[in-house]
Amino acid sequence: MTAKATIGIDIGGTSVRAAVIGNDQQIRASVRDLTPHTERETEDLLVTLITKLAATQQVSAVGLAIAGFLSRDQQKVMFAPHLAWRDADVPQRISGRVNLPVVMDHDVNSAAWAEYQHGASAGASIALLIALGTGIGAGLIIDGQIYRGAYGVAPELGHLTVVPNGRPCPCGKRGCWERYCSGTALAETARGLMGTGDAPILRQLSGDDPSAVTGTMVAIAATEGDPAALAAMDELGHWLATGLALVTDVLDPEVIVVGGGVASAAGMFLPLAVSEFSGLITGAGHRPVPRIELARFGDRAGIIGAALLAAGT
Ligand SMILES: [Zn+2]
C-alpha cells in the first residue's frame, strides 16, 4: 500500500507556508498567510490552513518547521525570537484540534533532513546544511540522525568567532561568522566598498544611499558587473570558505550543502569558496575533501523536510 501524503508547514517570522507533499516530494497543494502576533491567532491560523489542505486530499500527518529553540524531545517551543510562543506544547495543541498526528522540528533541521533524504546530501554519513539568509542556519545529520546536542540547541555555527573583535553581532559577541557570511553581511560589505570604490550600478539601485543597500541589490549589481558588488561577493566566498574549513576540522563531513536565500546567487561566490576551502582545511592536499553542493530544494526544503518527518521518513 502506498503511504498517504503529509502536510509540511514552515512557520517563519513573516509568513506561514503550508503544503501537501506526496511520496515523490512534489507539492500537491499549497496555501500561505501572514504570521499572526499572538499564540492563539497563530494556532488558529495553523488549524485553518491544515483544514483547507486536508479537504483537498487524504493526509496522514502534519510536520511543523519552526525557527526557534525547541525542547530536546521537540514537544515544546521554548523560545522563538520572531514568533509568539514561549514554553508552548504546540504539536499537542494543534493535534488535538485537527485529529492528525503533529510533529515539529527546527526549520533548518527540517531542510537538512529533506536534502539528506532526497536531495544534495542524499545518504551521506555526515551531512551538513549551511543555510545563508539573514544569518547562518545550520543542520547536521550524523549516521541518519538529526544531531541536536545535549539540550537541543546545536549546531549554532553562525556564531563561531571568525574575526576577534570584529563586527558586532545581535547575539552579544563580536566577529561571528554570520556577520561576514550571510545576506545581511553581503549588504554591509557592499556598503563599505561603495564608500571607497567603483559602484555605479549599486549607486543607481540604492539611489546613492548606502543605508538602502540590500543583499538582493548586491546580487543584481554583481550580475551586471558592478565592481564593488563583485568584490563583496568575493568576500562572501572567502568567509564561506574560512568558516567551512573551521567546521570541517571539527566534523569531517562527507557533504556540505549550501542553501538559504543567498544560495540563489551561488554562481557569484561558490566557485571561489570551493577552491579556497580545499586549501584551508587541516592536512590540505593529504586528505579527502568534503563535497560542497548547492541545495536541491531551495526555499521549499523546510516544508518538504517537515512533511517527510511527519511521514516518518
Ligand atoms: Zn553572534
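Predicted model, so just to flag it, every value in this text is computed and none were measured.

Asks: Which parts of the structure should I look at to understand the pairing of strand β9 (residues 126-132)?
Replies: Side-chain direction in a regular strand flips from residue to residue, so the side chains alternate between the two faces of the sheet. Within β9, 7 of the 7 residues are buried, which leaves the element mostly enclosed by the surrounding structure. Side-chain alternation along β9 places I126, L128, I130 and L132 on one buried face and A127, L129 and A131 on a second face that is also buried. Note that β9 and strand β10 (residues 136-142) share 7 bridges and pair antiparallel. Its bridge partner lying in β10, A127 is registered against I141. Taking the residues between adjacent antiparallel strands as the criterion, β9 and β10 are bridged by 3 residues.

Asks: Where do I start with the coordination of the zinc ion in this structure?
Replies: Each angle at a metal carrying four tetrahedral donors should ideally be 109.5 degrees, and each at a metal carrying six octahedral donors should ideally be 90 or 180 degrees. Coordination of the zinc ion by the protein comes from H159 (ND1), C169 (SG), C171 (SG) and C176 (SG), over a distance range of 2.0 to 2.3 Å. Coordination at the zinc ion is tetrahedral, judged from the 4 donor atoms that bind it and the angles of 104 to 116° they form at the metal. Mapped onto the sequence, the residues coordinating the zinc ion show the spacing H-x9-C-x1-C-x4-C. C169 sits in the buried class, given a relative accessible area of 8%.

Asks: Mind showing me how you'd approach the pairing of strand β12 (residues 255-259) here?
Replies: Where burial is concerned, most of β12 is hidden: 5 out of the 5 residues are buried. The alternating pattern of β12 places V255, V257 and G259 and I256 and V258 on opposite faces, both of which are buried. Both β9 and β12 contribute to a ladder of 5 bridges, which runs parallel. Its bridge partner being in β12, A131 is matched across the sheet by G259. Relative to strand β13 (residues 291-294), β12 runs parallel, the two being bridged by 4 bridges. Counterpart to V255 in the pairing with β13 is R291. Handedness of the crossover joining β12 and β13 through helix α8 (residues 270-280) is recorded here as right-handed.

Asks: What exactly am I supposed to notice about the packing of aromatic side chains here?
Replies: For any pair of aromatic rings, the description consists of the separation of the ring centres together with the inter-plane angle of the planes. Taken as a whole and assessed by the stated rule, the structure comprises 3 aromatic pairs. Centre to centre, the rings of F69 and F79 are 6.4 Å apart; their planes meet at 15°, and the pair counts as stacked. Of this pair, F69 sits in strand β5 (residues 69-70) while F79 sits in strand β6 (residues 77-79), placing them 10 residues apart in sequence. Classification of F79 as partly exposed rests on a relative accessible area of 36%. Relative to W239, the ring of Y180 lies with its centre 5.0 Å away and its plane at 45°, an arrangement referred to as tilted. Of this pair, Y180 sits in the loop between β11 (145-146) and α4 (183-196) while W239 sits in helix α7 (residues 227-251); the two residues are 59 residues apart in sequence, bridging distant segments of the chain. Overall, W239 belongs to the buried group, its relative accessible area being 16%.

About the thresholds
Residues numbered from 1 in each chain as written. Predicted model: local features only at pLDDT ≥ 70, side-chain atom pairs only at ≥ 80, totals over all residues. Heavy atoms only, no water. Buried < 20%, exposed > 50% of the residue type's maximum accessible area, 1.4 Å probe, protein only. Helix = DSSP H or I, 4+ residues; strand = E, 2+ residues; numbered from the N terminus. Pairing = 2+ DSSP bridges. Donors = N, O, S within 2.8 Å, 3.2 Å for Na, K, Ca; no water. Tetrahedral: all angles 85-135°; square planar, octahedral: opposite > 155°, others 65-115°. Right-handed = clockwise from strand over helix to strand, strands pointing away. Phe/Tyr/Trp six-rings, centres within 6.5 Å; stacked < 30°, edge-to-face > 60°.

Just distances and angles here, no functional claims.
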